[in-house]
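# Working through the structure, step by step
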Amino acid sequence: MRNKIISGTLLFPFIISCTGKIQQEKPNVLFILTDDHAMAAISAYRSGLSTLAPTPNIDRIAKEGAIFQANYCCNSISGPSRAAILTGKHSHKNGFMRNGNQGFDGTQQTLPKILQANGYETALIGKWHLVSEPTGFDFWTILSDQGEYNHPDFITGKDTTRHTGYVTDIITRFTKEWLDKRDKEKPFFLMMNHKAPHRNWVPAERHYRLYEHTLFPIPENYFDSYDNRVAASKQEMNIYRDMYEGHDLKMVTGTDSDTLLYDPWPHVFIDRITPEEKARFFEAYRERNNDFFSTPRTEKEIAEWKLQRYLQDYLATIKSVDESVGEILDYLKEKGLDKNTIIVYTSDQGFYLGEHGWFDKRFMYEESFVMPLLMSYPSEINPGTEIKGLTQNIDFAPTFLDMCGIEIPEDMQGQSFRPLLGGEIPESWRESLYYHYYEYPGFHSVKAHYGVKTMRYKLIHFYEDNLWELYDLQNDPNEMHNIYGYPDMEEVIQKMKKELVRLQEMYEVPKELCE
Ligand code: SGN
Ligand code: CA
């Protein structure tokens with residue numbers, strides 16, 4: 001039963017085929033996926049740092065379409081989030097539960113495979129991070145593992161080639177080249193997967209000095225003491241304690257020095273650039289680095305200085321991503337593809353920009369759990385639409401299938417959020433989300449946990465230590481007060497536990513993965 005419309009209205013255009021039959025013209029899908037782009041670093045969100053975020057082009061997608069306020073991942077880490085996007089299933093079902101070398105099972109059903117079988121041409125350009133070779137794509141060229149910021153290697157089915165230039169620019173160029181040479185008779189599904197703004201936040205040379213003189217607001221919980229939150233107190237992702245001074249913060253050994261401070265991490269980003277590029281890199285940071293050495297600072301001031309350096313580089317890498325999005329949006333407009341293309345901008349997960357003192361992700365706390373999501377499609381989404389319903393990365397696959405008029409397989413666990421695109425939340429829409437993070441032991445030492453989130457509350461279980469946390473997001477949006485065990489919260493706790501069990505049963509989470 002192909003081409004069945006599951007929900008929503010048939011608003012997209014029709015074409016007459018060569019056999020004279022009227023066919024529904026299927027929309028193209030351009031899926032722009034960045035790596036670690038926090039919601040607070042997109043100006044359209046008007047929160048956190050966003051007034052200083054360099055994202056006028058990314059914002060265009062929201063202006064012309066929708067901005068999602070409550071879109072979440074099911075497991076806040078790269079490979080697992082990408083696997084959930086491709087399959088529409090939680091990690092325990094698609095088998096990719098943690099980053100690492102186990103490899104995605106590419107023989108299973110995926111969104112690109114279904115689209116391909118329904119006449120789509122499919123392509124993947126940029127970060128993949130699922131170890132095994134991509135399947136379901138007519139064309140792919142991927143970064144090796146995390147990829148490099150400068151002169152990166154790209155892997156294709158045939159070879160591995162080093163390309164000269166800055167990774168974001170190269171991915172943009174490859175994307176345009178593929179769009180130029182694609183089969184114009186077919187609709188397309190294209191994933192443009194940027195590396196930026198992933199660690200270690202190396203900006204394009206033209207943006208080294210972009211935020212040189214900017215002082216960013218310091219989150220009110222930057223010096224969090226993690227009272228009553230054991231797992232939060234044991235992580236290793238603290239900006240002032242765990243960031244590498246050379247690799248991450250680009251700090252040097254002294255005044256006028258061109259040597260990065262030693263840390264246990266190889267300085268690959270420096271080793272890959274030419275001596276001339278290296279000289280320009282140190283030159284661009286010199287004034288700031290010299291200023292650091294010439295001013296005596298307290299520990300607190302050093303911690304704040306590190307946060308500023310981190311944010312300067314993080315947002316400068318986003319500037320290139322925004323330029324990339326601008327170029328691609330202009331390209332689609334120029335070629336007349338803007339009207340019939342569903343354009344999506346999102347990130348594999350959220351990210352900490354100093355909240356709780358952190359960088360990185362993994363926790364079910366809001367900043368890393370929430371994913372930015374902007375989406376335009378003129379025939380179904382009105383400009384400036386705001387979407388407040390709870391959506392999740394497992395919903396992408398069923399949503400695109402729905403919008404492309406293709407039947408949604410029953411075993412997909414996500415739901416099509418097409419009924420939300422008008423801006424209202426239908427009564428039958430979900431009221432809670434399930435989350436499950438598995439990667440412990442692992443980088444940054446975040447203990448495994450699962451949990452449930454409703455619009456108001458969040459219940460988390462760090463199950464290996466049997467520690468529970470409850471947050472009232474309405475009164476405590478920064479999640480500083482764990483109110484689990486408070487007698488007046490007993491009723492809420494019981495309700496949330498019941499909901500958690502309901503979700504674990506519905507999604508068929510094996511018991512042995514919860515202990
Ligand atoms: C790298 C990073 C880590 C990060 C993981 C996973 N270190 O190992 O900080 O948590 O990737 O990130 S780095 O210095 O090598 O960049 S993920 O987004 O791919 O899941
Ligand atoms: Ca990521």
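Residues numbered from 1 in each chain as written. Chains lettered and ligands numbered in written order. Predicted model: local features only at pLDDT ≥ 70, side-chain atom pairs only at ≥ 80, totals over all residues. Heavy atoms only, no water.

### Re the overall build of the protein
- A count of helical and extended segments in the protein gives 13 helices and 18 strands.
- In terms of overall dimensions, the protein is globule-like: its C-alpha atoms have a radius of gyration of 23 Å, near the 24 Å expected for 515 residues.
- Principal axes of the C-alpha set define a box for the protein whose edges measure 75 × 65 × 40 Å.
- Considering the protein as a whole, with its 515 residues, one finds that 62% of them fall into the buried category. (Helix = DSSP H or I, 4+ residues; strand = E, 2+ residues; numbered from the N terminus. Rg over C-alpha atoms; globule rule 2.2 N^0.38 Å. Buried < 20%, exposed > 50% of the residue type's maximum accessible area, 1.4 Å probe, protein only.)

### Points about the side chain of T391
- Relative to the elements of secondary structure, T391 occurs in strand β14 (residues 391-392).
- A distance of 2.8 Å separates polar atoms of two side chains, one belonging to T391 and the other to N71.
- Those residues within four positions of T391 in sequence are excluded, and the remaining contacts are F68, A70, N71, Y72, F417, L420, W429, R430 and L433. (Polar contact = N/O pair within 3.5 Å; in protein donor to acceptor, adjacent residues only side chain to side chain. Contact = heavy atoms within 4.5 Å.)

### Some remarks on the site of ligand 1
- Around ligand 1 sit 19 residues in total, of which R199, H247, D360, R362 and H444 are the nearest.
- Taking H247, its side chain carries an N or O atom lying 2.7 Å from an oxygen atom of ligand 1.
- At a separation of 2.8 Å, an oxygen atom of ligand 1 approaches a polar side-chain atom of K361.
- Burial of ligand 1 by the protein chains amounts to 92% of its free accessible area of 460 Å².
- A breakdown of the residues in the shell around ligand 1 according to their chemical character gives 3 nonpolar, 8 polar and 8 charged. (Near = heavy atom within 4 Å. Areas by Shrake-Rupley, 256 points an atom, 1.4 Å probe, with all protein chains shown as cover. Nonpolar A, V, L, I, M, F, W, Y, C, P; charged D, E, K, R; others polar.)

### Some points on helix α2 (residues 78-87)
- Most of α2 is tucked away, with 10 of its 10 residues classed as buried.
- Among all positions of α2, only S78, G79, P80, S81, R82, A83, A84, I85, L86 and T87 are buried.
- On its buried face, α2 sits against β3 (28-34), α3 (91-94), α4 (111-117), β10 (188-193) and α12 (396-403).
- Just past α2, the residue G88 takes up positive phi, approximately 70°.

### Regarding the coordination of the calcium ion (ligand 2)
- Taken together, the protein donors to the calcium ion (ligand 2) comprise D35 (OD), D36 (OD), D348 (OD), D348 (OD) and Q349 (OE1), at separations of 2.1 to 2.7 Å.
- Seen from the calcium ion (ligand 2), its 6 donor atoms lie at angles of 51 to 172°, and the figure they make is irregular. (Donors = N, O, S within 2.8 Å, 3.2 Å for Na, K, Ca; no water. Tetrahedral: all angles 85-135°; square planar, octahedral: opposite > 155°, others 65-115°.)

### Some points on the packing of helix α1 (residues 56-64) against helix α10 (residues 299-334)
- Direction vectors running N to C along α1 and α10 enclose 50°, while the axes themselves pass 7 Å from each other. By the angle class used here, α1 and α10 are oblique. Here α1 contributes P56, N57, I58, R60, I61 and E64 to the contact with α10, which in turn contributes V321, D322, E323, V325, G326, L329, D330 and K333.
- A class-by-class count of the residues in the contact of α1 with α10 yields 6 nonpolar, 2 polar and 6 charged. (Axes fitted to C-alpha atoms, helices over the stretch in contact; angles between N-to-C directions. Parallel < 35°, antiparallel > 145°, perpendicular 65-115°, else oblique.)

### Digging into helix α5 (residues 167-181)
- If you check α5, its first and last C-alpha atoms are 21 Å apart, about what 15 residues at 1.5 Å a residue would give, namely 21 Å.
- What α5 keeps buried is the set V167, T168, I170, I171, T172, F174, T175, W178 and L179.
- Contacts made by the buried residues of α5 are with β6 (121-126), β7 (139-143), β8 (153-155), β10 and α10. (Expected span 1.5 Å × (residues − 1).)

### Observations regarding the pairing of β3
- Within β3, 7 of the 7 residues are buried, which leaves the element mostly enclosed by the surrounding structure.
- Where burial is concerned, the two faces of β3 agree: the one with N28, L30, I32 and T34 and the one with V29, F31 and L33 are both buried.
- By the bridge criterion, 5 bridges tie β3 to β10 in an arrangement that is parallel. Within the sheet, the bridge partner assigned to L33 lies in β10 and is N193. (Pairing = 2+ DSSP bridges.)

### A closer look at the domain arrangement of the protein
- Taken domain by domain, the protein holds domain 1 (25-201 + 314-427), domain 2 (208-220 + 228-309) and domain 3 (434-514).
- For domain 1 versus domain 2, the distance between C-alpha centres works out to 29 Å.
- Counting residues at the interface gives 28 residues for domain 1 and 25 residues for domain 2.
- Surface buried jointly by domain 1 and domain 2 totals about 2300 Å² across both partners, of which 60% is contributed by carbon and sulfur atoms.
- Three residues stand out in domain 1 for area buried against domain 2, namely N200, W358 and F359, and they jointly supply 24% of the buried area on that side.
- Viewed at the interface, domain 2 and domain 1 are joined by 2 salt bridges.
- The partner of R272 in a salt bridge is D153, and the shortest N-O contact between them spans 3.6 Å.
- Where domain 1 meets domain 2, there are 12 residue pairs in polar contact (both at pLDDT 80 or more). (Domains from an automatic or database assignment. Buried area = accessible area lost by both parts, 1.4 Å probe. Salt bridge = Lys/Arg side-chain N within 4 Å of Asp/Glu carboxyl O.)

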